[in-house]
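Each chain, letter by letter, is given below.
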Amino acid sequence: MKNADKYKYAKARKKVENIKKFYKHVVTYLIVNLFLTFVWKFSFKIFGNFILSNQYDSDGFIHIPFWLIWGIFLIFDAFRTYDVITIFGKDWEERKMKEFMK
């Protein structure tokens, strides 16, 4: 019985670590993308005609692809973290290990 409790504790600890990593990923996503959006939207308005980067002064949404692409990866990370879709999750690994051990 003691081994089962250790296994449950280790599994719960791993789950909490994965959730913690996911929250860090969300915070990083927001901070980096907000910073990049600020730089792309306001850098040319602050400095006038003085160009500091290779970006062009446009009213377009050049920063949107970064939000979307990274957001898609963030959604997949959320699915993996909260076990929404588990095609090749831990259960699959354990089943395959048991299958190969027989």
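Quick summary incoming for the structure in this document. Residue positions are given per chain, counting from 1 as you read along its sequence in written order. Selection of residues for local features in this predicted model requires a pLDDT of at least 70, selection of side-chain atom pairs for listing and counting requires 80 or more, and totals for whole chains, interfaces and linings are taken over all residues. To get the side-chain values, all heavy atoms of the structure are used, and hydrogens and water are removed first.

Secondary structure summary: the protein chain contains three helices and zero strands in total. In the protein chain, the succession of α and β elements from N to C terminus is α-α-α. Counting only residues that meet the buried cut, the protein chain has 16% of its 102 residues in that class. Contacts: residue pairs with any heavy atoms within 4.5 Å of one another. Across the protein chain, every contact between residues at least 6 apart in sequence was considered, and the portion connecting residues at least 24 apart equals 66%. Surface exposure of the protein chain reaches about 9,000 Å², of which carbon and sulfur atoms provide 69%. Put simply, DSSP marks the helices as runs of H or I at least four residues long and the strands as runs of E at least two long, and each gets a number from the N terminus on. Relative accessibility thresholds used throughout: buried, under 20% of the residue-type maximum; exposed, over 50%; partly exposed, between the two (1.4 Å probe, protein chains only). Here, Shrake-Rupley sampling with a 1.4 Å probe gives the accessible areas, and only protein chains in the shown set may cover a residue.

Our next topic: the pattern of salt bridges. Any Lys or Arg side-chain nitrogen found within 4 Å of a carboxyl oxygen on Asp or Glu counts as a salt bridge. Across all of its chains, the model carries two salt bridges by this definition. Linking Arg80 and Asp77 is a salt bridge whose minimum nitrogen-to-oxygen distance equals 2.5 Å. With Arg80 and Asp77 both in helix α2 (residues 64–81) and three residues apart, this pair spans about one turn of that helix. The class of Asp77 is buried, set by a relative accessible area of 11%.

When two rings of Phe, Tyr or Trp (its six-membered ring) have centres within 6.5 Å they constitute a pair, described as stacked for plane angles under 30 degrees, edge-to-face for angles over 60, and tilted for the intermediate range. Scanning all chains against the criterion turns up four aromatic pairs. On the basis of an interplanar angle of 85° and a centroid distance of 5.7 Å, the ring pair of Phe22 and Tyr82 is categorised as edge-to-face. One end of the pair, Phe22, is in helix α1 (residues 2–47); the other, Tyr82, is in the loop between α2 and α3 (90–101), with 60 residues separating them in the sequence. Its relative accessible area of 9% is what places Phe22 among the buried residues. Their ring planes at 90° and their centres at 5.5 Å tell us that Tyr29 and Trp70 sit as a pair that is edge-to-face. With Tyr29 in helix α1 and Trp70 in helix α2, this pair connects stretches of sequence that are 41 residues apart.

Turning to its location among the elements, Thr81 is positioned in helix α2. Leave out the neighbours within four places in its chain, and Thr81 touches Lys15, Asn18, Ile19 and Phe22.

Every patch collects residues that have over 30% relative accessible area and no salt bridge, joining them within 9 Å if they carry like charges and within 5 Å if they are nonpolar side chains (Val, Leu, Ile, Met, Phe, Trp, Tyr). Neither His nor the chain ends is counted toward charge; the positive residues are Lys and Arg and the negative residues Asp and Glu. Charge positions come from single atoms, namely NZ of Lys, CZ of Arg, CG of Asp or CD of Glu. Taken together, the side chains of Lys14, Lys20, Lys21 and Lys24 present a region of like positive charge at the surface. Along the chain, Lys20 turns up in helix α1. Using a relative accessible area of 51% as the deciding quantity, one classes Lys20 as exposed.

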